[in-house]
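A look at the structure
The chain contents come next:
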Amino acid sequence: MKATAVRVRRALAMRSGDGLLRGAVWVLLALVLATLVGQLTGAGGRPDAIVGPRLQPPGSGWLLGTDNLGRSLLPRLLQGIGTTLLLSTLAVACTAVISTALGVVAGYRGGRTAELILRIGDVLYSFPAIVLAVLVAAVLGPGRTTALAAIVLVTVPLMTRMVGVAARAVARREFVTAARISGVSAPTIMLRHILPNVAGTVAVQGTYALSVGILVEGGLSFLGYGVQLPDASLGLLIQEGGLYMVGAPWLIVAPGVVLVAAIMAINLVGDSLRDRFEPRETRSLV
Amino acid sequence: MSEPVLELDDVRVVFKRGRGHTVTAMDGISFRIAAGETLGLVGESGSGKTTTGAVALGLRRPTSGTVRFLGAAQGRRRPRGARAGAVQAVLQNPHWSLNPRLAVADSVAEPLAAVEAGRLRTHHPAALRILDQVGLPASFAQRLPHELSGGQRQRVAIARALITRPSFIVFDEAVSALDVSVQAHILNLIHDLQTEHRFAALFISHDLAAVRYLAHRVAVMRTGQIVELADAHRFYTAPRHPYSRQLLETL
Ligand SMILES: Nc1ncnc2c1ncn2[C@@H]1O[C@H](COP(=O)(O)OP(=O)(O)O)[C@@H](O)[C@H]1O
Ligand SMILES: [Mg+2]
């Protein structure tokens, strides 16, 4: 326990030294806080209330402007951020569980088990993400469940492969061989020795999967297969905004900026986690 | 001499390297090791020493030949389970000999928990006793591997190997990565522990000086074959095989 506390403190100390990372974490915190406050206190107004004339530029009664029905964009944006983040996080949590289990088993067992798991992953991975997502929509019909399932299906193959490769490397270590010689059972070896030593990879890949998840949700909702009206999500808002891009550009700019900022911030967090867990690779930004 | 702890008889191990290409890592290997005895296994890298260790431990099934442990031939199925706790190993890389996420006491307790069941924690008292025997005070028990030196880590690895009172231990390049002065301490420790616990040992090393310190008998391996197997004293004073002489000249 003490050792863990020391490690956490050390990680935080490094974290506060990294300005870029700190900025990224602030952006994400701000997004989460804004949606929470918006949903819980109703600040910014009800998302479905008609507050003024149609397609008004940002003004006093409607801080981010109004849409084609005269609804204020701000509460709809907050609602959309919430939907998108919640959906993607939930989906990536599912992905993390599935991929970690498959990756650890494939990495430890090796041989035919690993072959089978990775082959199936390769087949899925060879489809472009959005094609896979639309296929899911064709089977399940549009909606939140579809968005969730699509994100899981798109993110599982890569994460499974990365965790599998990491688990394979750990399985070759002397302490795993020594445990096998001592007669420690395979499930115990996977839980006690492999899993804790691939946790870093899971964290890094989970972060990247989250940004992919947000993109997939955006893409699906944009195409009309994801989150449905009158609900809002970033993808849906961008799709709506696109229809009035010339006359009311604020409708697409606001959700677009949020989407890009969220994805950049998440990738920055991922990069810095990767730097910490896999120090040999250089960072991709800066 | 008493009944051997371990006996290999004409063991061959052939690895397939794809496209009909094969490597014979063990080519008709026979030897026996008695309780309290150390067989030194020397030879250059790639000569088949580690494969021999894996076969001796029951980790790898030979292509042909027999392996007897305490008189019983290695079973066809699940060769490991039956020997749990009776055989142990101390392996090369001190950096990875311990799980970086497990405290020392947990690592040492693990083999005992595997044999006697129960949580790691319930075996901590036994772990502390054995840690004391390898020269590590109780203050080390809750440390993580990255807080230890290479020599200390190998002491922990030795403690872990000893905790189940095994009758046979394989040391595969167990001191090769350590500084010479640290090596001497660890070799001394192994020697004393063997005198006390009387385990049979296969001491694998490419370093003839380290082997000389511990081995009662020495086997020289080259490309999967034992070219000379002799009493240690005789081997170091009057090696017979030209390859043995060549190796000893570099000492
Ligand atoms: N799992 C394996 N698959 C294929 N070839 C192997 C395997 N393990 C060892 N070998 C080969 O067998 C030979 C002996 O290897 P090894 O026993 O590790 O030698 P040493 O420990 O003396 O360096 C080498 O040629 C090595 O490449
Ligand atoms: Mg070797």
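In this report, the structure presented in the accompanying data block is examined. (Residues numbered from 1 in each chain as written. Chains lettered and ligands numbered in written order. Predicted model: local features only at pLDDT ≥ 70, side-chain atom pairs only at ≥ 80, totals over all residues. Heavy atoms only, no water.)

Regarding the pattern of salt bridges
For clarity, the cut-off: By definition here, a salt bridge exists when the distance from a side-chain nitrogen of Lys or Arg to a carboxyl oxygen of Asp or Glu is within 4 Å. Accessible area is worked out with a 1.4 Å probe on protein chains only. A residue is then buried under 20% of its type maximum, exposed over 50%, and partly exposed in between. Counting from the N terminus, the helices are the DSSP runs of H or I reaching at least four residues and the strands are the DSSP runs of E reaching at least two.
This structure, assessed with the given rule, holds 16 salt bridges over all chains. Measuring nitrogen to oxygen at the nearest pair gives 3.0 Å for the salt bridge that ties R71(A) to D67(A). Each member of the pair, R71(A) together with D67(A), is buried. In this structure, the salt-bridge partner of E7(B) is R32(B), at a minimum N-O distance of 2.7 Å. Of the two residues, E7(B) is situated in strand β1 (residues 6-16) and R32(B) in strand β2 (residues 22-33); the sequence distance between them amounts to 25 residues. Given the relative accessible area of 22%, E7(B) is considered partly exposed. Counted as one network, the salt bridges with shared partners bring together D67(A), R71(A), R76(A) and E240(A).

Quick notes on the sheet that holds strand β9 (residues 217-222) of chain B
Residue and element names in this part refer to chain B. Using the following cut-off: Each pair of strands is called paired provided DSSP finds at least two bridges between the two strands. Angles shown run from 0 to 180 degrees and are taken between the N-to-C directions of axes, each axis being a line fitted to C-alpha atoms and, for helices, limited to the stretch in contact. Note on contacts: a residue pair is in contact if any heavy atoms of the two residues lie within 4.5 Å.
In space, the six strands of this open sheet follow the order β6-β7-β8-β3-β9-β10, with mixed pairing throughout. What marks the edges here is a single partner per strand, and that holds for β6 (87-90) and β10 (225-231). Sheet twist, expressed as the mean angle between neighbouring strand axes with direction ignored, is 15°. Direction of pairing for strand β7 (residues 168-172) relative to strand β8 (residues 200-204): parallel, over a ladder of five bridges. Pairing of D172 across the sheet is with I204, part of β8. The sheet strands contacting helix α5 (residues 180-197) are β3 (38-42), β7 and β8, and the helix crosses β8 at an angle near 160°. Relative to β9, helix α8 (residues 242-249) is tilted by about 100°, and along the sheet it contacts β3, β9 and β10.

Focus: helix α3 (residues 73-109) of chain A
All names here are of chain A. Put simply, the test is: One less than the residue count of a helix, multiplied by 1.5 Å, gives the span that helix is expected to have.
Relative to the 54 Å expected for 37 residues at 1.5 Å per residue, α3 spans 52 Å between its end C-alpha atoms, a close match to the ideal helical length. Taken across its 37 residues, α3 has 26 buried, putting it largely inside the fold. G110 sits one or two positions beyond α3 and adopts a positive phi of about 65°.

Remember, this is a structural readout, not a statement about activity or role.
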